[in-house]
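Read off the chains here:
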Amino acid sequence: MPELPEAERARALIADRALGRRIAAVEDSDSYVSRPHAPGEIAAALVGRRLTSANRIGKSLWLETDGDGPELGLHLGMAGRIAVDEEPHERWDRFALTFEDGGRLALRDKRRLGRAILEPDIAKLGPDAAEVTRAQFRDRVGRSGSPIKARIMDQAVVAGIGNLLADEILWQARIDPRRPASSLSEAELDRLRRASRAAIRRAVSSGGAHTGALNPQRERDGHCPRCGAPLSRARIGGRTTYWCPEEQR
């Protein structure tokens, strides 16, 4: 499932290979992926424009265009990715830009849960999880009685942490995911923030949130990669959660 690391890799790909290219056509006929826009509405706004920058906060991407052109928001959904200059996939390419030079940028999504939208609203997102300051993290994460896992997955608190990454971060920080966020000391919150930033860096460089050390053991008979204890399993914040009962007390 795409989380911040996958979105950052998509942003970097667009920044490296798609900026400065003039848009000749837009495939926006899927009205569900491009909601609330009608087919052709995004095309009318973007054809003739050039992409000038690729930006990200949390899991959300947006691309700026030249002149007075609009921003194009892209969200990978649960199974999407960005394909640049790859052969078109008739079934899975839900939205695409074709450039004047013949190249193409596509939102490729098997599950059709991604999104393309003009002028995306990112105002409700919290600080990016890779950039949040120590003071911001302490203030935003530590002031709730909800379980700490649910708290760090709340995109309005910090943006970008999904289910896999949350389990990896809490395991790295040795913090029980069930603990009320407000019960964590400042030292524990600082440790959690450091673990978050380190886990994100590793995931970006390694290929995504699924590359974490805990992930291969996230199954009913899984064991802690450090101490070998059987992992505990429960639903927290509506999501299946794994942790080590020996080290995450």
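See the structure above.
The shown structure was predicted, so the numbers you read here are calculated from the model rather than taken from an experiment.

Looking at the overall build of the protein chain
Part 1: On a plain count of helices and strands, the protein chain comes out with six helices and ten strands.
Part 2: With the C-alpha coordinates of the protein chain rotated into their principal frame, the extents come out at 60 × 35 × 30 Å.
Part 3: Counting every position in the protein chain, which comprises 249 residues, the buried fraction comes to 51%.
Part 4: For the protein chain, restricting intrachain contacts to residue pairs at least 6 apart in sequence, the fraction spanning at least 24 positions comes to 63%.
Part 5: Accessible area for the protein chain stands at about 11400 Å²; split by element, carbon and sulfur atoms hold 46% of it.
Part 6: The distance from the centre of the 42 positive side-chain charges to the centre of the 36 negative ones in the protein chain is 6 Å.

Concerning the state of the cysteines
Part 1: One pass over the full model with this rule turns up zero disulfides.
Part 2: There is no disulfide at Cys224, and the cysteine sulfur nearest it, in Cys244, is 3.8 Å away.
Part 3: Cys224 sits in the buried class, given a relative accessible area of 4%.
Part 4: Residue Cys227 stays outside any disulfide, its sulfur separated by 3.6 Å from that of Cys244, the closest cysteine.

Details of the sheet that holds strand E8 (residues 115-118)
Two orientations exist for strands paired in a sheet by backbone hydrogen bonds: parallel and antiparallel.
Part 1: Here we have four strands laid out as an open sheet, ordered E2-E3-E4-E8, and antiparallel in their pairing. Two strands lie at the open edges of the sheet, namely strand E2 (51-57) and E8, each paired on one side alone. Across this sheet, the average inter-strand angle for adjacent strands is 20°, counted without regard to direction.
Part 2: Of the pairings in the sheet, the one linking strand E4 (residues 72-75) to E8 comprises four bridges and is antiparallel in character. For Leu74, the partnering residue across the bridge sits in E8 and is Ala116.
Part 3: Docked against the sheet, helix H1 (residues 4-17) engages E2, strand E3 (60-65) and E4, running at close to 170° with respect to E2.

Thoughts on empty space enclosed by the protein
Take a probe with the size of a water molecule and roll it over the atoms, and the empty space left behind shows itself.
Part 1: By the definition in use, this model includes one cavity of 30 Å³ or more.
Part 2: Here the largest cavity is characterised by a volume of approximately 30 Å³.
Part 3: Tallied by class, residues from the lining of the largest cavity come to three nonpolar, two polar and three charged.

Overview of unusual backbone geometry
Part 1: Cis rather than trans, the peptide bond between Arg35 and Pro36 has omega equal to 5°.
Part 2: Positive phi is not limited to glycine here, since Asp85 has a value of about 60°.
Part 3: Along the chain, the position of Asp85 falls in the loop between strand E5 (80-84) and strand E6 (93-99).
Part 4: Positive phi outside glycine occurs at Glu119, with the angle close to 50°.
Part 5: Inspection of the secondary structure puts Glu119 in the loop between E8 and helix H3 (134-141).

With respect to H1
Part 1: Compared with the 20 Å implied by 1.5 Å per residue over 14 residues, the 20 Å span of H1 between its first and last C-alpha is a close match.
Part 2: Within the span of H1, buried status applies to Leu4, Pro5, Glu6, Ala7, Glu8, Ala10 and Ile14.

What to know about the nonpolar core
Part 1: One finds Val141, Ile148, Ile152, Ile161 and Leu192 to be the most contacted residues of the largest nonpolar core, which totals 27 residues.
Part 2: Counting residues per element, the ones that place at least two in this core are H3, helix H4 (148-153), helix H5 (163-173) and helix H6 (186-206).
Part 3: Looking at this core, the element that brings in the most residues is H5, giving six residues.
Part 4: Apart from residues no more than four positions distant in its own chain, Leu192 is found in contact with Phe137, Ile148, Ile152, Ile169, Leu170, Ala173, Ile175 and Leu184.
Part 5: Formed by 26 residues, the second largest nonpolar core is a distinct cluster that contains Ile14, Val26, Phe99 and Leu105.

About the thresholds
- Residues numbered from 1 in each chain as written.
- Predicted model: local features only at pLDDT ≥ 70, side-chain atom pairs only at ≥ 80, totals over all residues.
- Heavy atoms only, no water.
- Helix = DSSP H or I, 4+ residues; strand = E, 2+ residues; numbered from the N terminus.
- Buried < 20%, exposed > 50% of the residue type's maximum accessible area, 1.4 Å probe, protein only.
- Contact = heavy atoms within 4.5 Å.
- Areas by Shrake-Rupley, 256 points an atom, 1.4 Å probe, with all protein chains shown as cover.
- Lys, Arg positive; Asp, Glu negative; His and termini not counted.
- Charge placed at Lys NZ, Arg CZ, Asp CG, Glu CD.
- Disulfide = S-S within 2.5 Å.
- Pairing = 2+ DSSP bridges.
- Axes fitted to C-alpha atoms, helices over the stretch in contact; angles between N-to-C directions.
- 1 Å grid on protein atoms, 1.4 Å probe; cavity = no way out; pocket = protein on both sides within 12 Å on 5 of 7 lines; lining within 4 Å.
- Points joined across faces, edges and corners; volume = space filled by probe spheres on them.
- Nonpolar A, V, L, I, M, F, W, Y, C, P; charged D, E, K, R; others polar.
- Expected span 1.5 Å × (residues − 1).
- Core = buried A, V, L, I, M, F, W, Y, C linked by side-chain atoms within 4.5 Å.

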